[in-house]
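# Residue-level structural notes
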Amino acid sequence: MSLENVIREKYGQVATSDLTNANAGVKAVAQAFGYSAEELTSIPAGANMGLSCGNPTAMATLKPGEVIVDLGSGGGLDVFLAAKKVGPTGRVVGIDMTPEMIERARRNAKEAGLANVEFRQAKIDQVPLPDGFADCIISNCVINLASDKNAVFREMFRVLKPGGRVAVSDIALKQELPEALGRDLMALVGCVAGAISIAEFENGLRAAGFDSVAVIDSGADLNAYKHVDGQSGCCSPPMAKSKSLPVADESCCGPTCCGGEKHESTVHEGLTAILDRYDLNDFAASVKVFAIRPSR
């Protein structure tokens, strides 16, 4: 199975899980990365699954009437918050490659009764939107998962209107990862092993044509993902192996859980296993990413 399909399968499992803002750990992760309790209670509980690494809507300066695109929109957390800021004359489009996430987001949108949002299934380096479509592009801990980040940056530039802006939360490396961590499949799925350095982030955006590029360490504690440990359910369905990367720890609750059958870790369980061995703050950072497409 390709790495892209592994990522799609793992996040499909999250989308079909019972993780919501009603879980104390899920809520704690979101608050650790900048969401207020008021924001989280203003949207459907199922939109938050504890997958954030920042709050892009809090730094995007969204205005009524604007058109926003969210790359890797998941259950719709940032789409719904953005929709409230741009109002009924604005529009927010969420892009996600995982069918289960799109289905969950659309259910959440129906629950929220928002008419100015939509969700489209696609990869974030192949966005099904016209040139010069958006005033602002947001994203939350997803660009690190893309295999060709420069293609994502070029697509962001294309989709933005001249003068449009980027406000992204993501993970970036502060130093090279230990070899075992860098080759851990769950570290890739968990947004760490696929991350690039802050300098590479900046250079990639500039090479795509952006001005006023800034990638800033938010100072948030990446170990916050431990809050979700034990709340994502014991078992997830087995997945096909990737031939490229090993899995350092495949068990979620131990070899005797789920009736003694061996199974695969979920995204959160994989991250917890990694955090038991490493302090991710030593190697990576939650970053705020800003850039502007020149007006001419």
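No experiment lies behind these values; they were computed from the predicted model shown.

Take the overall build of the protein next. Each helix and strand in the protein was counted, giving ten helices and seven strands. In the protein, which comprises 296 residues, the proportion classed as buried is 57%. As displayed, the protein has an accessible area near 11,900 Å², and 50% of this comes from carbon and sulfur atoms.

Another point: unusual backbone geometry. The phi dihedral of Thr-61 falls on the positive side, at around 50 degrees, and the residue is not glycine. Relative to the elements of secondary structure, Thr-61 occurs in the loop between helix H3 (37-41) and strand S1 (67-71). With a phi angle near 60 degrees, Cys-141 is a residue other than glycine that sits in the positive phi range. Mapped onto the fold, Cys-141 is located in the loop between strand S4 (134-140) and helix H6 (149-159). On the accessibility criterion, Cys-141 (3% relative accessible area) is buried.

As a further point, take the pairing of strand S2 (residues 91-96). Burial runs high along S2: five of the six residues are buried. Pairing analysis gives five bridges linking S1 to S2, with the strands arranged parallel. Within S2, the residue paired with Asp-70 across the bridge is Gly-94. For the segment spanning S1, helix H4 (residues 77-86) and S2, crossover handedness is right-handed. Note that S2 and strand S3 (residues 117-121) share five bridges and pair parallel. Residue pairing for S3: Gly-94 is matched across the bridge by Phe-119. With helix H5 (residues 99-112) bridging S2 and the parallel S3, this β-α-β connection has right-handed handedness.

Core analysis: the biggest nonpolar cluster contains 39 residues, and Tyr-11, Ile-171, Val-189, Tyr-225 and Leu-280 have the highest contact counts within it. Contributions of two or more residues to this core are made by helix H1 (3-15), helix H2 (24-32), strand S5 (160-173), helix H8 (185-189) and helix H10 (267-275). With five residues, H1 is the largest single contributor of residues to this core. Dropping the residues within four chain positions of it, Tyr-11 is found in contact with Leu-51, Thr-98, Met-101, Leu-145, Val-189, Gly-190, Cys-191 and Val-267. Core analysis: the next-biggest nonpolar cluster, separate from the first, contains 34 residues, Val-67, Phe-153, Met-156 and Val-287 among them.

Another aspect to go through is the sheet that holds S5. Read across the open sheet, the seven strands follow the order S3-S2-S1-S4-S5-S7-S6; overall the sheet is mixed. Each having just a single partner strand, S3 and strand S6 (211-217) make up the two edges of the open sheet. Within the sheet, the average angular offset between the axes of one strand and its neighbour, ignoring direction, is 15 degrees. As defined by bridge partners, S5 adjoins strand S7 (residues 284-292) across nine bridges and the pair is classed as antiparallel. Paired with Ala-172 across the bridge in S7 is Ala-285. In the packing of H6 onto the sheet, contacts are made with S1, S4 and S5, and the angle to S5 comes to roughly 150 degrees. The strands that helix H9 (residues 198-207) touches are S5, S6 and S7; relative to S6, the one it contacts most, it runs at about 160 degrees.

A separate point is the pattern of salt bridges. A complete count under the given rule lists eleven salt bridges for this structure. Note that Glu-4 is salt-bridged to Arg-8, the shortest N-O span being 3.2 Å. Here Glu-4 and its partner Arg-8 are both found in helix H1, four residues apart, which amounts to about one turn of the helix. The exposure class of Glu-4 is partly exposed, given its relative accessible area of 28%. Arg-277 serves as the salt-bridge partner of Asp-184, at 3.2 Å between the closest nitrogen and oxygen. Of this pair, Asp-184 sits in the loop between helix H7 (179-182) and H8 while Arg-277 sits in the loop between H10 and S7, and the two are 93 residues apart along the sequence. What makes Arg-277 partly exposed here is its relative accessible area of 41%.

The rules we used
- Each chain carries its own residue numbering, running from 1 in the direction its sequence is written.
- Totals for whole chains, interfaces and linings use every residue, but because this is a predicted model, local features are given only for residues with pLDDT of at least 70 and side-chain atom pairs only at 80 or more, for both listing and counting.
- Think of the side-chain values as coming from all heavy atoms in the structure, minus any hydrogens and water.
- The helix count covers DSSP runs of H or I at least four residues long, the strand count covers runs of E at least two residues long, and both are numbered beginning at the N terminus.
- Exposure is judged per residue with a 1.4 Å probe applied to protein chains only, and the accessible area is read against the type maximum: over 50% gives exposed, under 20% gives buried, and values in between give partly exposed.
- All accessibility values rest on the Shrake-Rupley procedure with a 1.4 Å probe; residue burial counts only the protein chains present in the view.
- In short, DSSP must find at least two bridges between two strands for them to pair.
- We call a crossover right-handed when, viewed with the strands running away from us, the connection from the first strand over the helix to the second turns clockwise.
- Residues belong to a common nonpolar core when they are buried Ala, Val, Leu, Ile, Met, Phe, Trp, Tyr or Cys residues joined through side-chain atoms within 4.5 Å.
- Contacts are assigned to residue pairs that have any heavy atoms within 4.5 Å of one another.
- Between N-to-C directions, angles cover 0 to 180 degrees, with each direction set by a line fitted to C-alpha atoms, over the stretch in contact for helices.
- Here, a salt bridge means any Lys or Arg side-chain nitrogen found within 4 Å of an Asp or Glu carboxyl oxygen.

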